[in-house]
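Architecture at a glance
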Amino acid sequence: MDVVSADLTDAAQISVVEERLRTDESIEVLINNAGGGLFTPLATSDAAASEALINLNVTSLTRLTTAVLPGLTARGRGTVVNISSALALNILPVSAVYSGTKSYVLTFTQALQQELAESPVVVQAVLPGAVRTEFWDGSGADLGAFPDEWIMSADEVVDAALAGLDAGEPVTIPSLPQISDWESFEKARQTLVPNLSLRVPADRYRG
Ligand SMILES: NC(=O)c1ccc[n+]([C@@H]2O[C@H](COP(=O)([O-])OP(=O)(O)OC[C@H]3O[C@@H](n4cnc5c(N)ncnc54)[C@H](OP(=O)(O)O)[C@@H]3O)[C@@H](O)[C@H]2O)c1
């Protein structure tokens, strides 16, 4: 196994990884897992820490996906797995930046799925709930304060994500008992679409 280690928030280091993704024709899978968390009210947050989080969770994921995609589509096979979070949907007072980044990962993935609709290349978004990892250390939130039944092991998240991928799920939410609940949510979003851009404002906005 060939390991390339890089700080993905460092322009010079991520460019080495991007070059590898662009040129190594043996690459078939990109798992965008690297990410961090920050759970503090925005009014008391450090703007530089927020920027660093956006850089890791959003910018690096976008750059790496952009780098790998031309090769995957040209070779006609491959998979990109983007690790989002349940907090893309469960939006909290302390999660303005984190939920924002993970909502980006979700919508970025959904747009890419449309772009690749005719391609054999598969893109999956995974939305884990709380997972027992080092992610929580220094994040501003205490995993120990969560009930045990809210917390999944990393192994179980990975197994569920892979099972979701095998089942062809575009979006995998490991703890969600019924995938039809997600599908209903998506359907509700789709029902908005025909009315999201019209020549005239809605009646309630007109005097
Ligand atoms: N834990 C949760 O409750 C939870 C829930 C939902 C979603 N997620 C998401 O799951 C993903 C994995 O998190 P985790 O729970 O496994 O957390 P973790 O144990 O803290 O692992 C974070 C991973 O990101 C890498 N990373 C962090 N900063 C990096 C940087 N600047 N450059 C390159 N790699 C960097 C780390 O690499 P090193 O080990 O080399 O530092 C590590 O592999 C993240 O995207 C997170 O948002 C986590």
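First, a word on what this report is: a plain description of the structure on this page. Every value quoted in this text rests on a predicted model; they were computed, and no experiment measured them.

So, on to the sheet that holds strand β4 (residues 171–172). Across the sheet, which stays open at both edges, the four strands sit in the order β1-β2-β3-β4 with parallel pairing between neighbours. Unpaired on one side and paired on the other, β1 (29–32) and β4 mark the two borders of the sheet. Note that strand β3 (residues 122–126) and β4 share two bridges and pair parallel. Residue pairing for β4: alanine 125 is matched across the bridge by valine 171.

As a further point, take helix α4 (residues 154–166). For α4, with 13 residues, the first-to-last C-alpha span of 18 Å sits near the 18 Å given by 1.5 Å per residue. Residues of α4 that are buried sit in contact with β3 and β4.

Let's shift gears to the site of the ligand. By nearness alone, 21 residues border the ligand, and Asp7, Asn33, Tyr98, Val131 and Thr133 come closest of all. Threonine 133 has a polar side-chain atom sitting 2.6 Å from an oxygen atom of the ligand. Burial of the ligand by the protein amounts to 67% of the accessible area it has alone, namely 880 Å². Grouping the constituent residues of the shell around the ligand by class yields 11 nonpolar, seven polar and three charged.

The rules we used
Residue positions within a chain follow its written sequence, with the count starting from 1. Residues qualify for local features only when their pLDDT is at least 70, as the model is predicted, and side-chain atom pairs are given and counted only at 80 or more; totals for whole chains, interfaces and linings, by contrast, use all residues. To obtain the side-chain values, all non-hydrogen atoms of the structure were included, while hydrogens and water were left out. Being paired, for any two strands, means DSSP has found at least two bridges between them. Numbering goes from the N terminus for both helices and strands, where a helix is a DSSP run of H or I of at least four residues and a strand is a run of E of at least two. Given the number of residues in a helix, its expected span is that number minus one, multiplied by 1.5 Å. Whether two residues touch is decided by their heavy atoms; if any such pair falls within 4.5 Å, the residues are in contact. Throughout, the term near means that a residue has one or more heavy atoms lying within 4 Å of the molecule or strand in question. Polar contacts here mean pairs of N or O atoms no more than 3.5 Å apart (in protein, one a potential hydrogen donor and the other a potential acceptor; neighbouring residues in sequence count only if both atoms are side-chain atoms). Here the open area of atoms and residues is found with the Shrake-Rupley method and a 1.4 Å probe, where only the protein chains shown may cover a residue. Put simply, Ala, Val, Leu, Ile, Met, Phe, Trp, Tyr, Cys and Pro go in the nonpolar bin, Asp, Glu, Lys and Arg in the charged bin, and everything else, Gly too, in the polar bin.

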